[in-house]
Amino acid sequence: MSSNVRITPHPSFDVLAATTAARLITRLLDVQSERGEATVVLTGGSVGIATLREVAQSPARLAVDWSKVNFWFGDDRFVATDSPDRNAGQAAEALLNHIPVDPKRVHAMAASDTVADLEESVALYTTDLADAARAEWENDDDATGDEAPAVPRFDVLLLGLGPDAHIASLFPEMAGIRTQGVPVVGVRNSPKPPPLRVSLTLETINSAQEIWIVAAGADKAAAVGLGLAGASEVQVPASGARGINKTMWLLDEAAAAKVPAELLRRER
Ligand code: 6PG
């Protein structure tokens, strides 16, 4: 287990969501003080959305300059804009509608009623990422290389975890987890409904400075155990998630049940 992987159990779902919200606010503040702006990639799923609700309730949210926070999504369901299944809609209801964001800095994946097909949504997000990356690169005096990267800097990338160890919409053995060389992929026949989705690829996920995998419930314990056991990413997508500087597994006790005690870092 490399030293930059931290596994932290929390006593309950609610404490996990509230603590992850506090961590996120603190991380955004730290990055903003260094760089003037910060970027977070949001996730769907029970813990991901509950975390956003906790941010919206936290008095500390008032310390963040939300107009200088860039929001992206790790995946979204390819459904209509007003569908309750949309991660972007759930994130808006939980947080984004309640803080003074700059709408130009909120990057949702195109919904099915706004484009011709899934491929167009993938292409639009690919372009959105590339445009943001180029703007960042052109404004960065320390930029290296002779061309901009495909995606901008992600300071924190949140990931939910499926019971099958899927992350974002990258499912075991399916085409998405095998996709390389592109930042975004269209997913069909998702084992988790709805069937059509848009997802960042694993290599894009791993371009993040920090990846926070958030999971709660006994039904996730096996996936956590496999994810930490070094299994192949095609069979266990979560095992392939590795942030550049840090990878955190933020769990409740039930989801942490199969993690060897010596790997757990109890912060209390
Ligand atoms: C999605 C999510 C997905 C989710 C996990 C965990 O769009 O469905 O991005 O990756 O985070 O399936 O979801 P639960 O926490 O609700 O089980």
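Up top you'll find the structure we're talking about.
Along each chain, numbering runs from 1 in the same order as the chain's sequence is written. This being a predicted model, a pLDDT of at least 70 is required before a residue's local features are given, and a value of 80 or more before pairs of side-chain atoms are given or counted; all residues contribute to the totals for chains, interfaces and linings. Note that water and hydrogens are dropped before the side-chain values are worked out from all heavy atoms of the structure.

Caption draft 1: Highlighting the overall build of the chain. Each helix is a run of DSSP H or I of at least 4 residues and each strand a run of E of at least 2, with the numbering of both proceeding from the N terminus. Per the secondary structure count, the chain includes 7 helices and 9 strands. The principal-axis extents of the C-alpha atoms in the chain amount to approximately 45 × 40 × 40 Å. The proportion of buried residues among the 268 residues of the chain is 51%. Relative to all contacts within the chain whose residues are 6 or more apart in sequence, the contacts with residues 24 or more apart total 74%. Under the counting rule used here, the positive set is Lys and Arg, the negative set is Asp and Glu, and His together with the chain ends is not counted. Lys charges are placed at NZ, Arg charges at CZ, Asp charges at CG and Glu charges at CD. Here the chain contributes 24 positively and 36 negatively charged side chains, and the mean placements of these two sets differ by 6 Å. The classification of residues rests on relative accessible area computed with a 1.4 Å probe and restricted to protein chains. Under 20% of the type maximum is buried, over 50% is exposed, and intermediate values are partly exposed. Working rule for contacts: check all heavy atoms of both residues, and any pair within 4.5 Å makes them a contact.

Caption draft 2: Here's a closer look at the sheet that holds strand S4 (residues 75-77). Think of it this way: DSSP has to see at least two bridges between two strands before they count as a pair. One open sheet holds the 3 strands; their spatial order is S4-S7-S6, and the pairing between them is antiparallel. Only two strands of the sheet have a single partner each, and these edge strands are S4 and strand S6 (184-187). Pairs of neighbouring strands in the sheet enclose a mean axial angle of 15°, with direction left out of account. As paired strands, S4 and strand S7 (residues 197-200) are joined by 3 bridges and run antiparallel to one another. Residue pairing for S7: Asp75 is matched across the bridge by Ser199. Only the stretch in contact is used when a helix axis is fitted, and all axes are lines through C-alpha atoms; the angle between N-to-C directions ranges over 0 to 180 degrees. Seen against the sheet, helix H4 (residues 118-138) touches S6 and S7 and runs at an angle of roughly 165° to S6.

Caption draft 3: Quick peek at the pattern of salt bridges. Salt bridges, as used here, are contacts in which a Lys or Arg side-chain nitrogen is within 4 Å of a carboxyl oxygen on Asp or Glu. Within this structure, the stated rule accounts for 11 salt bridges. The shortest N-O distance in the salt bridge between Arg53 and Glu93 comes to 3.7 Å. Of this pair, Arg53 sits in helix H2 (residues 46-57) while Glu93 sits in helix H3 (residues 87-94), and the two are 40 residues apart along the sequence. Glu93 gets classed as partly exposed once you look at its relative accessible area, which sits at 45%. A salt bridge links Arg134 to Asp131, with the nearest nitrogen and oxygen atoms 3.5 Å apart. Taken as a pair, Arg134 and Asp131 lie in helix H4 at a separation of 3 residues, close to a single helical turn.

Caption draft 4: Region of interest: the site of the ligand. Working definition: residue near molecule or strand if any one of its non-hydrogen atoms lies within 4 Å of it. Surrounding the ligand, one finds 14 residues, the nearest of these being Ser46, Asp75, His166, Ala168 and Lys220. For this analysis, a polar contact is any N or O atom pair within 3.5 Å, provided that within protein one partner can donate a hydrogen and the other can accept it, and provided that sequence-adjacent residues contribute only side-chain to side-chain pairs. A distance of 2.8 Å is found between an oxygen atom of the ligand and a side-chain nitrogen or oxygen belonging to Arg77. In the environment of the ligand, an oxygen atom lies 2.7 Å from a nitrogen or oxygen atom belonging to the side chain of Lys220. Considered on its own, the ligand offers 420 Å² of accessible surface; in the complex 89% of this is hidden by protein. Each residue is assigned to one class: nonpolar for Ala, Val, Leu, Ile, Met, Phe, Trp, Tyr, Cys and Pro, charged for Asp, Glu, Lys and Arg, and polar for all the others, Gly among them. Across the shell around the ligand, the residue classes break down as 2 nonpolar, 7 polar and 5 charged. Calculation of accessible area relied on Shrake-Rupley with a 1.4 Å probe; when residues are assessed, cover is drawn exclusively from the protein chains displayed.

Caption draft 5: Just the sheet that holds strand S5 (residues 156-160), in detail. Taking strand neighbours across the sheet as the criterion, the 6 strands line up as S1-S9-S8-S5-S2-S3 in an open arrangement whose pairing is parallel. Across the chains shown, the open sheet's two edge strands, defined by having one partner strand only, are strand S1 (5-10) and strand S3 (69-73). Within this sheet the neighbouring strands show an average axis-to-axis angle of 20°, counted without direction. Of the pairings in the sheet, the one linking strand S2 (residues 38-42) to S3 comprises 5 bridges and is parallel in character. For Ala38, the partnering residue across the bridge sits in S3 and is Val69.

Caption draft 6: Expanded view of the environment of Arg86. Turning to its location among the elements, Arg86 is positioned in the loop between S4 and H3. Residue classification places Arg86 among the buried positions, given a relative accessible area of 5%. Sequence separation between Arg86 and Leu29 is 57 residues, and the spatial gap between their C-alpha atoms is 28 Å. Once you skip the residues sitting within four places of it in the chain, Arg86 turns out to touch Asp76, Arg77, Val79, Ala80, Thr81, Ala108, Met109, Ala110 and Ala111.

Caption draft 7: Broad picture of the nonpolar core. Only buried residues count toward a nonpolar core. Its members are Ala, Val, Leu, Ile, Met, Phe, Trp, Tyr and Cys residues joined through side-chain atoms within 4.5 Å. Within the largest apolar cluster, 79 residues are counted, with the highest numbers of intra-cluster contacts made by Leu161, Leu200 and Trp249. By residue number, the principal contributor to this core is helix H1 (residues 13-35), which donates 6 residues. When neighbours within four sequence positions are excluded, Leu161 is seen to be in contact with His166, Ile167, Ile213, Val214, Ala215, Lys220, Ala223, Val224, Ala238 and Trp249.

Caption draft 8: Quick look at the packing of aromatic side chains. Stacked, tilted and edge-to-face pairs are distinguished by plane angle, under 30 degrees for stacked and over 60 for edge-to-face with tilted covering the rest, among Phe, Tyr and Trp rings (Trp via its six-membered ring) whose centres lie within 6.5 Å. Counted under the stated rule, the structure contains 2 aromatic pairs. Relative to Phe71, the ring of Trp66 lies with its centre 6.2 Å away and its plane at 15°, an arrangement referred to as stacked. For the pair shown, Trp66 and Phe71 are each scored as buried. Ring centres of Trp72 and Tyr125 lie 5.6 Å apart, and the angle between their planes is 75°; this geometry places the pair in the edge-to-face category. Linking Trp72 in strand S3 with Tyr125 in helix H4, this pair joins segments that are 53 residues apart in sequence. Of the two residues examined, Trp72 and Tyr125, each falls in the buried class.

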